[in-house]
Amino acid sequence: MTDIAPTTRTRVLAALREQRIETPSWAYGNSGTRFKVFRQEGVPRDPYEKIADAATVHRFTGVAPTVALHIPWDRVDDYAVLAAYAKEQGVGLGTINANVFQDDDYRLGSVTNPDPAVRRKAIGHLLECVDIMDATGSRDLKLWFSDGTNYPGQDSIRQRQDRLTAALREAYGRLTGDQRLLLEYKLFEPAFYMTDVPDWGTAYAHCVELGERAQVVIDTGHHAPGTNVEFIVAFLLRAGRLGGFDFNSRFYADDDLMVGAANPFELFRVMHEIVGADALRPTYGIAFMLDQCHNIEPKVEAVIRSVLNVQEATAKALLVDVEALAAAQRSGDVLGANAVLMDAYNTDVRPLLRDLRTEMGLDPDPVGAYRRSGYLEKVRAERVGGEQAGWGA
Ligand code: PSV
Ligand code: MN
Ligand code: MN
């Protein structure tokens, strides 16, 4: 694809202007592996400063107007005050992520723990997260359970599913209005023999049992190598059960590297399914979130880069000549169909995105503008003793 036709260009720019990407509060804090956390200067010391960083990302990209919170990492006394602060900064509070994986009580699991008292404590936290959603005005409760077992025979797989069902039912029953429960799955880690919600099929089955406001979240780093992620996207879209994404990229397992860094072609294929189902627009309801940790690279800049990576993949997906693709598919032209897709993927969309930003009143080069802004130098001077994001704490 060399030139972009004017009508295509108008359509693509309109869709990109509408796109929304949510950034995670924990991406701005210190993080690391279980071997080492490398502390960086200028990282946020509290949830307010994380929000200030998220607002900075939005200021330079124009498409990241909300920030996801993780409780208790982002616990504050008054969430309405936090929401007001976010608004003042030009962003909103987004998804509330529950955390039932960092307490000694959860050694044998949280909501699937054999001990009813531990299960009660975990469910209490889920319900508290819905209270927080009420205060922040957040729509989505995102649940990821580290629950599972390390050894065959350690616990009953079936009973753990029963306990999971009971907990999910209680959390779901607490939702009101347009609130949703987003269930995330992950193949393994920290459990290594059996995970209670290991895959999209398990998450999907639980969501179907719960009701329409229960939806599956796809964390792009949570699959076995070689998994066809866009198939999962297509299946869940068809079933009306795709609630959102945790975008990141992986070379090995749950690496949490910048989205689009390891496999930009996969990201394009995912966005192609989204665009094909007309599911990009915010009114469709999919939450496009990042879930990343920036262990060695500067954090705010890495989040800006990640937002741009999602935008680039989306722009390419929007450029797919759908009529030519359908015609090739109908006539069984295998290579013709593939060429249509590759043509869009191989288009350099960076000039188009620069034009988009200029039209939106932004600097066409968000990374360069951020670097020139002196924000990092300013927060480095102001913030001493930044906090750990939560991982490896
Ligand atoms: C688990 O690996 C996970 O992907 C979940 O979304 C957690 O909430 C998140 O990481 C925290 O980084
Ligand atoms: Mn995740
Ligand atoms: Mn993860």
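Scroll up a little and you will see the structure.
Please read these numbers as outputs of a predicted model, since none were measured by experiment.

Asks: Which residues make up the site of ligand 1, and what are the values?
Replies: The environment of ligand 1 is formed by W26, N97, W144, E184, K186, D219, D246, D254 and D291. When its residues are assigned to classes, the shell around ligand 1 shows 2 nonpolar, 1 polar and 6 charged.

Asks: Explain unusual backbone geometry to me, and be specific about the residues and the numbers.
Replies: Along the chain, I71 connects to P72 via a cis peptide bond; the corresponding omega equals 15 degrees. In this structure, P72 sits in the loop between β2 (66-71) and α3 (79-89). Geometrically, the link from E189 to P190 is a cis peptide bond, its omega value of 10 degrees lying close to zero. Mapped onto the elements of the fold, P190 is located in the loop between β6 (180-184) and β7 (194-195). The phi dihedral of E189 is positive, around 80 degrees, even though this residue is not glycine. On the secondary structure map, E189 appears in the loop between β6 and β7. E189 gets classed as exposed once you count the C-beta atoms within 10 Å, which come to 12. One non-glycine residue, D278, lies in the positive phi region at around 55 degrees.

Asks: An account of the packing of helix α9 (residues 299-318) against helix α13 (residues 366-373) is requested, with residue identities and associated values reported.
Replies: Between α9 and α13, the least distance of the axes is 9 Å, while the angle of their chain directions is 160 degrees. Taken as axis vectors, α9 and α13 run roughly antiparallel relative to one another. Taken as a pair, α9 and α13 cross one another with a handedness that is right-handed. Residues V300, E301, I304, R305 and L308 of α9 form the contact with α13, whose own contacting residues are P366, V367 and Y370. For the contact of α9 with α13, the residue count by class is 6 nonpolar, no polar and 2 charged.

Asks: Report on the pairing of strand β9 (residues 242-247), specifying residues and quantitative values.
Replies: Extensive coverage of β9 is indicated by the burial of 6 of its 6 residues. Note: strand β8 (residues 214-219) against β9, 4 bridges, orientation parallel. Bridged to D219 within β9 is D246. In the sheet, β9 pairs with strand β10 (residues 287-290) via 4 bridges, with the strands oriented parallel. Looking at β10, one finds that G244 is bridged to A287. Viewed along the sheet, the connection from β9 through helix α8 (residues 264-276) into β10 turns out right-handed.

Each value, and the rule that gives it
Residues numbered from 1 in each chain as written. Chains lettered and ligands numbered in written order. Predicted model: local features only at pLDDT ≥ 70, side-chain atom pairs only at ≥ 80, totals over all residues. Near = placed C-beta within 6 Å. Nonpolar A, V, L, I, M, F, W, Y, C, P; charged D, E, K, R; others polar. Helix = DSSP H or I, 4+ residues; strand = E, 2+ residues; numbered from the N terminus. Buried ≥ 20, exposed ≤ 12 C-beta atoms within 10 Å, placed from the backbone. Axes fitted to C-alpha atoms, helices over the stretch in contact; angles between N-to-C directions. Parallel < 35°, antiparallel > 145°, perpendicular 65-115°, else oblique. Left-handed = near helix turned anticlockwise from the far one by under 90°. Contact = placed C-beta atoms within 7 Å. Pairing = 2+ DSSP bridges. Right-handed = clockwise from strand over helix to strand, strands pointing away.

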